[in-house]
Amino acid sequence: MREALWWKRIENGKVHCYLCPRDCKIGEGQAGFCFIRKNEGGKLVTLGYGRPAAVQVDPVEKKPLNHFYPGTRIFSMGTAGCNMGCFFCQNWDISKAKSDQVRSVDLTPDDVCQNAIDYECPSLAFTYNEPSIWGEYVIDIAKRAHEVGLKTVMVTNGYINEEAFYDVYKHIDAANVDLKAFTENFYGKITLTHLKPVLDTLERLKRDTNVWFEITNLMIPTLNDDPGEVKQLVNWVLDRVGDSVPLHFTAFHPDFKLRNIHNTPPETLEMARDIALEEGLKFVYVGNVFSDSGNTYCPSCKRVLVERNWHQIRKYKISSDGKCTCGTQIPGHFNYREIVAAPVSDGHVFHPKVYWN
Ligand code: SF4
């Protein structure tokens, strides 16, 4: 248990956590909405520090990130708790649990980095639940990761206030941000949050950081799959963060409190992708289904640059300086020399694995 950042004392022994837009006012002995930030004796403490509840090696495509060292492994971790209340959460066993209700492991920031190196992962992902709610741990891990040549990734719902945003993201190399819908009605009723702070986070990422980021929209039949809403979302992305930000339309499966809605038909994802490409986005993917629309295509000559089979790579045709053979620059990070044979602090050289079929 560590004293948290981003809080202040208020009246009657309460503390105000201003990490995220919930701005919880927390009484003595109580926790905030996310369960893992608690008022202990008039101080806010973070219960998730050093105690991940899920740890796994994933392909980077699973985050999903399709333009960040494709084909590499990423050491992924999450804790208990979450600051959103999504009815469709696919990790609800940890995100809706308190820290003493999950089986956790003890991992210091040094341990996390050493594990990533041992498992030949060039990057770390803070993922599975919302990582900003354990931002203190994220920052300490990310600082150590950069010292030993590892990259850092946030897989996030984007629900974070300004001060914490800048404190966390100055240590982050890439992010995938969930844009769960494009209506306040959906955010309010289905996630128990609001849309505007998520849009603010996306604009801050674009305007104020060098973080590489991609956007994911999980499409849920009848709730956020209206073609008009897709068009609005896409046009916001085009206007505010540009045509080169990859957008992933991914399939929902029934889970948690939304078990009465069927899986997203692949045709819905393809419909959304067609709209996004017609409107002018350059890199649009579908996910959680088998489809050629998970490939990366050159926006100029239409060649297949990265052919994917679910999360595996079958063909890879991007040069190390990020170009198609026609000369078109593909945005993202493709120079594997930046990660392969990265030096670690004791002078050894770290050779992470890249898995291409
Ligand atoms: S991070 Fe947790 S405790 Fe802090 S404001 Fe958000 S939900 Fe509340």
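The present account deals with the structure reproduced in this document.

Considering the sheet that holds strand β3 (residues 15–17)
Phase 1 of the analysis: Strand order in the open sheet made by the three strands is β2-β3-β4, with antiparallel pairing throughout. Strand pairing shows two members of the sheet lacking a second neighbour, β2 (7–9) and β4 (25–26), which therefore form its edges.
Phase 2 of the analysis: Here β3 runs beside β4; their pairing, made up of two bridges, is antiparallel. Residue pairing for β4: His16 is matched across the bridge by Lys25.

Some points on the packing of aromatic side chains
Given two aromatic rings, one states the distance between the centres and the angle between the planes to describe the pair.
Phase 1 of the analysis: What the rule picks out here adds up to 14 aromatic pairs.
Phase 2 of the analysis: Seen in terms of ring centroids, Phe182 and Trp236 are 6.5 Å apart; in terms of plane orientation they differ by 50 degrees. Their pairing is tilted. Placement of the pair is Phe182 in the loop between β11 (174–178) and α5 (184–191) and Trp236 in helix α7 (residues 227–240), with a sequence separation of 54 residues.
Phase 3 of the analysis: On the basis of relative accessible area, Phe182 is assigned to the buried category, the value being 15%.
Phase 4 of the analysis: Assessed through its relative accessible area of 10%, Trp236 is described here as buried.
Phase 5 of the analysis: Connected via pairs of aromatic rings, a cluster forms that spans Tyr49, Phe126, Trp134 and Tyr137.
Phase 6 of the analysis: Across the ring face of Phe33, the terminal group of Arg22 is positioned such that the distance to the ring centre comes to 3.6 Å.

Looking at the site of the ligand
Phase 1 of the analysis: As a structural note, the neighbourhood of the ligand is formed by 13 residues, with Cys17, Cys20, Cys24, Cys34 and Arg37 the closest of them.
Phase 2 of the analysis: Its residues assigned to classes, the shell around the ligand comprises eight nonpolar, two polar and three charged.

Examining helix α4 (residues 162–169)
Phase 1 of the analysis: For α4, the complete set of buried residues consists of Ala164, Phe165, Val168 and Tyr169. Buried residues of α4, viewed axially, fall in a sector of 110 degrees; they line one side.
Phase 2 of the analysis: Next to the buried residues of α4 lie α3 (135–147), β10 (151–156), β11 and α6 (196–208).

Some remarks on the packing of α4 against α6
The description of two helices packed together rests on the angle between their axes and the distance between the axes.
Phase 1 of the analysis: Where α4 meets α6, the axes come as close as 11 Å, and the angle between the chain directions of the two elements is 45 degrees. Considered as vectors, α4 and α6 are oriented oblique to each other. Here α4 runs over α6; the crossing is right-handed. Contacts between α4 and α6 pair Glu162, Phe165, Tyr166 and Tyr169 from the former with Thr201, Arg204, Leu205, Arg207 and Asp208 from the latter.
Phase 2 of the analysis: The class makeup of the residues in the contact of α4 with α6 is four nonpolar, one polar and four charged.

Criteria and cut-off values
Residues numbered from 1 in each chain as written. Predicted model: local features only at pLDDT ≥ 70, side-chain atom pairs only at ≥ 80, totals over all residues. Heavy atoms only, no water. Pairing = 2+ DSSP bridges. Helix = DSSP H or I, 4+ residues; strand = E, 2+ residues; numbered from the N terminus. Phe/Tyr/Trp six-rings, centres within 6.5 Å; stacked < 30°, edge-to-face > 60°. Buried < 20%, exposed > 50% of the residue type's maximum accessible area, 1.4 Å probe, protein only. Lys NZ or Arg CZ within 6 Å of the ring centre and 35° of its normal. Near = heavy atom within 4 Å. Nonpolar A, V, L, I, M, F, W, Y, C, P; charged D, E, K, R; others polar. Arc of directions from axis to C-beta. Contact = heavy atoms within 4.5 Å. Axes fitted to C-alpha atoms, helices over the stretch in contact; angles between N-to-C directions. Parallel < 35°, antiparallel > 145°, perpendicular 65-115°, else oblique. Left-handed = near helix turned anticlockwise from the far one by under 90°.

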